[in-house]
Amino acid sequence: MSTQHEASLGAAPAGHRSFTGRVWLWLSLGVIALDQASKAWVVHHLSYHVATRLLPVLDLTLAYNSGAAFSFLADQSGWQRWLLTALALVVAVLIVTYLGRLEARRQGLLCAALALILGGALGNLIDRVRLGYVVDFISAHWHEHYFPAFNVADSSITIGAALLLIDLWREGRRAVAPSAGKEEE
């Protein structure tokens, strides 16, 4: 197998023992599978906009979102479907490319964060292309105050973004720590 082919499959270049961040793509595939399976179950078992109480602050409610996060652009004529599709595809290509440049073991938190974001973006992309909207069904609320409905893909993107922030914070601390030691010398 050629070195270039190995690198495209997630292996590091010759002479390296570690794998690239692409080995984390299994996490993206898991997110996509869970997202699509949960949406299929909800569409089959729930009625549109009829809440099923799970907890005092959490319902299952089938909803369709033709826009982006928080139904942004949902009231538009349909052009947003293709804009959001193109945006998701560009982000997916950039993430997969960047994962290929990361070291899976040394940069695991960053790889996991990007894989979660990728899986969520592709999960919603599948809905958008196939249906023209995204299926949402998790409805969190406090009394009469409701957070916009979301799904597994949205949750994955949110968790991935939080992990990205944690990774940035950790990297920032690492960058400051060596320079702080040099000042004391």
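The coordinates are above.
Brief notes about the nonpolar core
Part 1 of the reasoning: Among the nonpolar cores identified, the biggest contains nine residues, and these are Ala92, Ile95, Leu99, Leu102, Leu110, Cys111, Leu114, Ile117 and Leu118.
Part 2 of the reasoning: The set of elements that each furnish at least two residues to this core consists of α3 (79-99) and α4 (108-131).
Part 3 of the reasoning: Per element, the largest residue contribution to this core is five residues, and it comes from α4.
Part 4 of the reasoning: The residues touching Leu110, leaving out its near neighbours within four places in the chain, are Tyr98, Leu102, Leu164 and Asp167.
Part 5 of the reasoning: Val42, Leu60, Ile138 and Val152 belong to the second largest nonpolar core, which has eight residues in total.

With respect to the packing of aromatic side chains
Part 1 of the reasoning: Evaluated as defined, the whole model comprises four aromatic pairs.
Part 2 of the reasoning: Relative to Trp26, the ring of Trp24 lies with its centre 5.9 Å away and its plane at 25°, an arrangement referred to as stacked.
Part 3 of the reasoning: Consider the rings of Tyr48 and Tyr64, whose centres lie 5.0 Å apart with planes at 20°: the pair is stacked. Of the two residues, Tyr48 sits in the loop between α2 (25-45) and β1 (52-55) while Tyr64 sits in strand β2 (residues 58-65), which places them 16 residues apart along the sequence.
Part 4 of the reasoning: Owing to a relative accessible area of 45%, Tyr48 belongs among the partly exposed residues under this scheme.
Part 5 of the reasoning: Residue Tyr64 is classed as partly exposed on the basis of its relative accessible area of 33%.
Part 6 of the reasoning: Members of the aromatic cluster, joined through ring pairs, are Tyr48, Tyr64 and Tyr133.

Examining α4
Part 1 of the reasoning: A rise of 1.5 Å per residue sets the reference length of α4, with its 24 residues, at 34 Å; its end C-alpha atoms lie 34 Å apart and thus fit the reference within 8%.
Part 2 of the reasoning: Burial analysis of α4 places 18 of its 24 residues in the buried class, the great majority of the element.
Part 3 of the reasoning: Positioned one or two residues after α4, Gly132 has a phi angle of 90°, which is positive.

Some details on the pairing of strand β3 (residues 134-142)
Part 1 of the reasoning: With seven of nine residues buried, β3 lies mostly within the body of the structure.
Part 2 of the reasoning: As paired strands, β2 and β3 are joined by six bridges and run antiparallel to one another. Directly across from Leu58, in β3, lies its bridge partner Ala140.
Part 3 of the reasoning: Looking at chain direction, β3 and strand β4 (residues 145-146) are connected through two bridges and run antiparallel. Within β4, the residue paired with Trp142 across the bridge is His145.
Part 4 of the reasoning: Linking two consecutive strands that pair antiparallel, namely β3 and β4, is a turn of two residues; a positive phi of about 55° is found at His143 within it.

As for the packing of α2 against α4
The axes of two packed helices give the description: the angle between them and the distance between them.
Part 1 of the reasoning: Two elements in contact, α2 and α4, have axes separated by 8 Å at closest approach and are oriented at 40°. In the packing of α2 onto α4, the handedness of the crossing is right-handed. Within the contact between the two elements, α2 uses Leu25, Leu27, Ser28, Val31, Ile32, Asp35, Gln36 and Lys39 and α4 uses Ala112, Ala115, Leu116, Leu118, Gly119, Gly120, Leu122, Gly123, Asn124, Ile126, Asp127 and Arg130.
Part 2 of the reasoning: The residue makeup of the contact of α2 with α4, split by class, is ten nonpolar, six polar and four charged.

Comments concerning the environment of Val93
Part 1 of the reasoning: For Val93, the location among the structural elements is in helix α3.
Part 2 of the reasoning: For Val93, a relative accessible area of 54% translates into the label exposed.
Part 3 of the reasoning: Note: C-alpha distance between Val93 and Leu118 (25 residues apart in sequence) is 9.2 Å.

Describing α2
For an α-helix, 3.6 residues make a turn, and residues three or four places apart therefore share a direction.
Part 1 of the reasoning: In this model, α2 (21 residues) spans 30 Å end to end at C-alpha, consistent with the 30 Å of a helix rising 1.5 Å per residue.
Part 2 of the reasoning: Along α2, the residues classified as buried are Leu27, Ser28, Val31, Ile32, Asp35, Gln36, Ser38, Lys39 and Val42. Projected down its long axis, α2 carries its buried residues within an arc of 165°, all on one side. Exposed residues lying more than 90 degrees from the buried face of α2 are Trp26, Leu29, Leu34 and His44.

Rules and cut-offs
Residue positions are given per chain, counting from 1 as you read along its sequence in written order. Two thresholds apply to this predicted model, a pLDDT of at least 70 for residue-level local features and 80 or more for giving and counting side-chain atom pairs, whereas whole-chain, interface and lining totals are computed over all residues. Values reported for side chains reflect all heavy atoms of the structure, with hydrogen atoms and water molecules removed beforehand. Throughout this description, the term nonpolar core refers to a set of buried Ala, Val, Leu, Ile, Met, Phe, Trp, Tyr and Cys residues connected via side-chain atoms within 4.5 Å. A simple rule labels every residue: compare its accessible area, found with a 1.4 Å probe on the protein chains alone, to the largest value its type can have, and call it buried under 20%, exposed over 50%, or partly exposed in between. By the criteria applied, helices consist of DSSP H or I runs no shorter than four residues and strands consist of E runs no shorter than two, each listed in order from the N terminus. Here, two residues are considered to be in contact whenever any of their heavy atoms come within 4.5 Å of each other. Centres within 6.5 Å are what make two rings of Phe, Tyr or Trp a pair, Trp counting through its six-membered ring; a difference in plane orientation under 30 degrees is then read as stacked, over 60 as edge-to-face, and the rest as tilted. Given a helix with a known number of residues, its expected span is that number minus one, times 1.5 Å. Only strands joined by at least two bridges in the DSSP assignment are considered to pair. Lines fitted to C-alpha atoms define the axes here, with helix axes fitted over just the stretch in contact, and angles between the N-to-C directions of these axes take values from 0 to 180 degrees. The sense of a crossing depends on the near helix, which, turned anticlockwise from the far helix by less than a right angle, makes the crossing left-handed and, turned clockwise, makes it right-handed. Three classes are used: nonpolar for Ala, Val, Leu, Ile, Met, Phe, Trp, Tyr, Cys and Pro, charged for Asp, Glu, Lys and Arg, and polar for all others, with Gly counted as polar. By definition, the arc is the one covered by directions from the helix axis to the C-beta atoms.

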